[in-house]
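Residue-level structure breakdown
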2 protein chains.
Amino acid sequence: MIKSNIKRLLQYRLCLTKFKELGYSRIFSYNLGNEAGVSPEQVRKDFSIHGITGNKKAGYEIESLLIILNQIFRMDEIHNVILVGMGHIGTALANYNNHFIGQNVYLVAGFDMDPAKQNKKTGIPVFPLDKLSELIEGFQVSTAIITVPPVSAQEVCNNLIDKGIKGILNFAPIVLKAPKNIIVNNINLSTEIEAIVYYLNQQK
Amino acid sequence: MIKSNIKRLLQYRLCLTKFKELGYSRIFSYNLGNEAGVSPEQVRKDFSIHGITGNKKAGYEIESLLIILNQIFRMDEIHNVILVGMGHIGTALANYNNHFIGQNVYLVAGFDMDPAKQNKKTGIPVFPLDKLSELIEGFQVSTAIITVPPVSAQEVCNNLIDKGIKGILNFAPIVLKAPKNIIVNNINLSTEIEAIVYYLNQQK
DNA sequence: CGGGTTTTGTGAAACTTTTCTCATTATAGT
DNA sequence: ACTATAATGAGAAAAGTTTCACAAAACCCG
């Protein structure tokens, strides 16, 4: 599971970019917290954990904050990502590509066992699965997105790990079994809706 | 933020369905934990919080567990959901519809300001935004999915709340501002990838 | 039918995360 | 230059979560 501290730092990064675009050069923990939906103390603690300091009375300088955050998240390097499963979700992600995948993260290739999908017009080139090794090595890919149906997800996962993938973003509604050194991040869209339904009913 | 306790219960529900399909009728906290990727103690604590009990030496009966979990998450009632923004992600979700949206959760309508999107062949009918009130009331919808670009997300959010929506699953990469009684669940796909990149680099 | 084994349920302990509190200090205004 | 103000940084407290440890109960086997 991704630590919330890390998720918040990424959120701050997003907010800071927005503030920068609006022309601000400095920011207070209060304003950043407000924008990111957390308390100012939380912002300062999150920063202090990573050794980020500001100035009493003058807050934090946005530009240097962004530089530090980009270093923490290695956003100063290029990260090539591949995608396995060109179904609806996979295709949607492929079409978005540099649109919503953040700075310096690039979807370089998609994979699907269905030859028909390999010709489909998407934002990225689509290959058969036997090209996995070649492309993972060629593009130095260490992160993959799994958007295949749940029945084949574990098999695809094993295959990817075997080919050298170290981090996986999994959209298939199962818990992937993987060695501890592999980072697995599961997103289950049904679960996210069901959780909302739960909280709505709690309020009544 | 959704409590992890709740996410795990939903995960257990998924695993139990699988075990049921495989023909099992009883299960131990150890097996369920193993499948869901958590410790057996955690499984028992999660259950005990919600008053779910099993039998010493005989574990838990899958069928009754599923009934209780379905009650907790109100999956015995129908939940109609709408979707605003028929871009790539929105269309992908619409096409999946009853496929991956869990039991008794239905995507009943999509909305988009672009008339061209209103004719597009997707899994659900697509309407202009001025039909929001009508359909929210007609289908008794209280949950909405936002898949519009970030610039319009807050405006759409306000609009939805104004029309009676109480729970929002937001895919736009901003933190939505909403009253405390509104349940907002943010999914930022870039962030999920970036978090993986972070952890991969931590290992080195 | 009774002893041994296995598994639950839970209270306590350990750990993690968040909030509180306040001394410290940079800044702006007088 | 001095004072009042406003903001950080960090230690302490509080709250929340997970793991530990073990008594109690149910089942199995002899």
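Throughout this description, residue numbers start from 1 for each chain and increase along the sequence as written. The lettering of chains begins at A and the numbering of ligands begins at 1, in the order of writing. Reporting in this predicted model follows two pLDDT cut-offs: at least 70 for local features of residues, and 80 or more for side-chain atom pairs to be given and counted; totals over whole chains, interfaces and linings ignore these cut-offs and use all residues. Hydrogens and water are ignored here; the side-chain numbers use all heavy atoms of the structure.

Points about the domain arrangement of chain A
Stated formally: Throughout, the edges of the domains are those of an automatic or database domain assignment.
If you check the domain split of chain A, you get domain 1 (4–72) and domain 2 (79–191). Just the C-alpha atoms count here: the centres of domain 1 of chain A and domain 2 of chain A sit 31 Å apart.

A word on the sheet that holds strand E3 (residues 79–84) of chain B
Residues and elements named next belong to chain B. Filter applied, for reference: DSSP calls a pair of strands paired once it identifies at least 2 bridges connecting them. Numbering goes from the N terminus for both helices and strands, where a helix is a DSSP run of H or I of at least four residues and a strand is a run of E of at least two. Two residues qualify as a contact provided that any one of their heavy atoms is within 4.5 Å of a heavy atom in the partner residue. Interaxial angles span 0 to 180 degrees and are taken between N-to-C directions of axes, which are lines fitted to C-alpha atoms, for helices over the stretch in contact.
Pairing is parallel in the open sheet, where six strands are placed in the order E5-E4-E3-E6-E7-E8. Both outer strands of the open sheet, strand E5 (126–127) and strand E8 (183–186), are each paired with one neighbouring strand and no more. Across four bridges, the pairing between E3 and strand E6 (residues 143–146) is parallel. Bridge pairing links Val81 to Thr143 in E6. Along the sheet face, helix H7 (residues 150–162) touches E3, E6 and strand E7 (167–170) and points at about 170° away from the line of E6.

Side note on the interface of chain B and chain A
For interface size, the figure often reported is the accessible area lost on association. Let me state the cut-off plainly: Counted as salt bridges are all cases of a side-chain nitrogen of Lys or Arg within 4 Å of a carboxyl oxygen of Asp or Glu. Under this definition, polar contacts are N or O atom pairs within 3.5 Å; protein pairs additionally need one hydrogen-donor-capable and one acceptor-capable atom, and for neighbouring residues in sequence, both atoms have to be side-chain atoms. Charged means Asp, Glu, Lys or Arg here, nonpolar means Ala, Val, Leu, Ile, Met, Phe, Trp, Tyr, Cys or Pro, and polar covers whatever is left, Gly included.
Listed per partner, the contact involves 63 residues of chain B and 63 residues of chain A. Taken together, the links from chain B to chain A amount to six salt bridges. The partner of Glu194(B) in a salt bridge is Arg13(A), and the shortest N-O contact between them spans 3.3 Å. Between the two partners, chain B and chain A, sit twelve residue pairs in polar contact (both at pLDDT 80 or more). Broken down by secondary-structure element, the contributors of at least two residues to the side of chain B that touches chain A are helix H1 (4–21), helix H2 (29–36), E3, helix H5 (88–96), E6, E7, E8 and helix H8 (189–203) of chain B. By residue class, the composition of the side of chain B that touches chain A is 34 nonpolar, 19 polar and ten charged.

What to know about the sheet that holds strand E5 (residues 126–127) of chain A
Strands belonging to one sheet form pairs held by backbone hydrogen bonds; the direction of such a pair is parallel or antiparallel. Residues and elements named next belong to chain A. Taken together, six strands build an open sheet; the order of strands is E5-E4-E3-E6-E7-E8 and the sheet is parallel. Of all the strands in the sheet, just E5 and strand E8 (183–186) have a single pairing partner and so form its edges. Contacts from helix H5 (residues 88–96) reach strand E3 (79–84), strand E4 (105–111) and strand E6 (143–146) within the one sheet, and its direction differs from that of E3 by about 150°.

Quick word on the pairing of E6(A)
Under the convention used in this document: Whether a residue is buried, partly exposed or exposed follows from its accessible area with a 1.4 Å probe, protein chains only, as a fraction of its type maximum: under 20%, in between, or over 50%, in that order. Assignment of crossover handedness uses the view with strands pointing away from the viewer, where a clockwise path from the first strand over the helix to the second indicates a right-handed crossover.
Along E6(A), one buried face is formed by Thr143(A) and Ile145(A) and the opposite face, lined by Ala144(A) and Ile146(A), is buried too. For the segment spanning E6(A), helix H7 (residues 150–162) of chain A and strand E7 (residues 167–170) of chain A, crossover handedness is right-handed.

A short note on the protein's contact with DNA strand C
Applied cut-off: Only a single heavy atom is needed: when it lies within 4 Å of a molecule or strand, its residue is near that molecule or strand.
Inspection of the region around DNA strand C gives 19 residues, with Ser29(B), Arg44(B), Gly54(B), Lys56(B) and Tyr60(B) positioned closest. Close to the protein, within 4 Å, the atoms of DNA strand C are drawn from sugar and phosphate at a rate of 61%. Between a base oxygen of DNA strand C and a side-chain N or O atom of Lys56(B), the distance comes to 2.8 Å. If you list the elements that add at least two residues to the surface near DNA strand C, you get helix H3 (40–49) of chain A together with helix H3 (40–49) of chain B. It is H3(A) that provides the largest number of residues to the surface near DNA strand C, a total of three residues. Taken together, the residues that form the surface near DNA strand C break down as two nonpolar, seven polar and ten charged.

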